[in-house]
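Topology and contacts: notes
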Amino acid sequence: MKRSRMVRYITTVLRENGDMTMQQIATAIKEKWPRSSPTPKSLSNILAKYPEFMVIDSAKSQGSVITKGTYDVNVWGLSE
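Owing to the predicted nature of the structure, the values given are computational and were not obtained by experimental measurement.

Quick look at the overall build of the protein chain now. Within the protein chain, the regular secondary structure consists of 3 helices and 3 strands. Listed by position from the N terminus, the elements making up the protein chain come as α-β-α-α-β-β. A globule of 80 residues ought to have a C-alpha radius of gyration of about 12 Å, and the protein chain, at 13 Å, matches this closely. When the 80 residues of the protein chain are sorted by exposure, 30% land in the buried category. Put simply, 49% of the contacts in the protein chain that link residues at least 6 apart link residues at least 24 apart. Counting only carbon and sulfur atoms, one obtains 52% of the accessible surface of the protein chain, whose full area is about 5600 Å².

Below is the structure:
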């Protein structure tokens, strides 16, 4: 039940905002459900498992003070 509600909400967020990175999706979920937001690994599994979502592109992301440098992140979108 909880996972299907999460999939519906992610679909809604991607329709409204367009393609997003996993971090942006996680932030949107935390705003809606701050106490029951999924872990990064769980969110990654949801995005990879369900056919509604697909990797559109990859983008460069700037690291924080600790992880200095840049790294690639996937940009997720709807497969419609």
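Okay, the packing of aromatic side chains next. Under the definition given, this model contains 1 aromatic pair. Above the plane of the ring of Trp33 lies Arg5, whose end atom (NZ or CZ) is 5.2 Å from the centre.

A few words now on the packing of helix H1 (residues 2-17) against helix H2 (residues 22-32). The N-to-C vectors of H1 and H2 enclose an angle of 115°; their axes lie 11 Å apart at closest approach. Remark: the crossing between H1 and H2 carries right-handed chirality. The residues of H2 that touch H1, namely those facing Met6, Tyr9, Ile10, Val13 and Leu14, are Ile25, Ala28, Ile29 and Lys32. Per-class residue counts for the contact of H1 with H2 are 8 nonpolar, no polar and 1 charged.

Counting 18 residues, the largest nonpolar core has Ile10, Leu14, Ile25, Ile29, Leu43, Leu47 and Phe53 as its most contacted members. Secondary structure elements with two or more residues in this core: H1, H2, helix H3 (40-49) and strand E3 (70-78). Considering each element in turn, this core owes the most residues, 6 residues, to H1. If we skip the residues at most four places from it in the chain, Phe53 touches Val7, Ile10, Thr11, Leu14, Ile46, Leu47, Trp76, Gly77, Leu78 and Ser79.

Each pair of packed helices can be summarised by the angle the axes make with each other and by the distance between the axes. At their nearest, the axes of H1 and H3 sit 11 Å apart, and the two run at 75° to each other. Looking at the two axes, H1 sits roughly perpendicular to H3. Side by side, H1 and H3 meet where Arg3, Met6, Val7 and Ile10 of the first sit next to Ser42, Leu43, Ile46, Leu47 and Lys49 of the second. Along the lines of polarity and charge, the residues of the contact of H1 with H3 split into 6 nonpolar, 1 polar and 2 charged.

Among the residues of H2, Ile25, Ala26, Ala28 and Ile29 are the ones counted as buried. Axial view of H2: buried residues confined to an arc of 160°, hence all on one face. Residues of H2 that are exposed and angled more than 90 degrees away from the buried face: Gln23 and Glu31.

Conventions and cut-offs
- Residues numbered from 1 in each chain as written.
- Predicted model: local features only at pLDDT ≥ 70, side-chain atom pairs only at ≥ 80, totals over all residues.
- Heavy atoms only, no water.
- Helix = DSSP H or I, 4+ residues; strand = E, 2+ residues; numbered from the N terminus.
- Rg over C-alpha atoms; globule rule 2.2 N^0.38 Å.
- Buried < 20%, exposed > 50% of the residue type's maximum accessible area, 1.4 Å probe, protein only.
- Contact = heavy atoms within 4.5 Å.
- Areas by Shrake-Rupley, 256 points an atom, 1.4 Å probe, with all protein chains shown as cover.
- Phe/Tyr/Trp six-rings, centres within 6.5 Å; stacked < 30°, edge-to-face > 60°.
- Lys NZ or Arg CZ within 6 Å of the ring centre and 35° of its normal.
- Axes fitted to C-alpha atoms, helices over the stretch in contact; angles between N-to-C directions.
- Left-handed = near helix turned anticlockwise from the far one by under 90°.
- Nonpolar A, V, L, I, M, F, W, Y, C, P; charged D, E, K, R; others polar.
- Core = buried A, V, L, I, M, F, W, Y, C linked by side-chain atoms within 4.5 Å.
- Parallel < 35°, antiparallel > 145°, perpendicular 65-115°, else oblique.
- Arc of directions from axis to C-beta.

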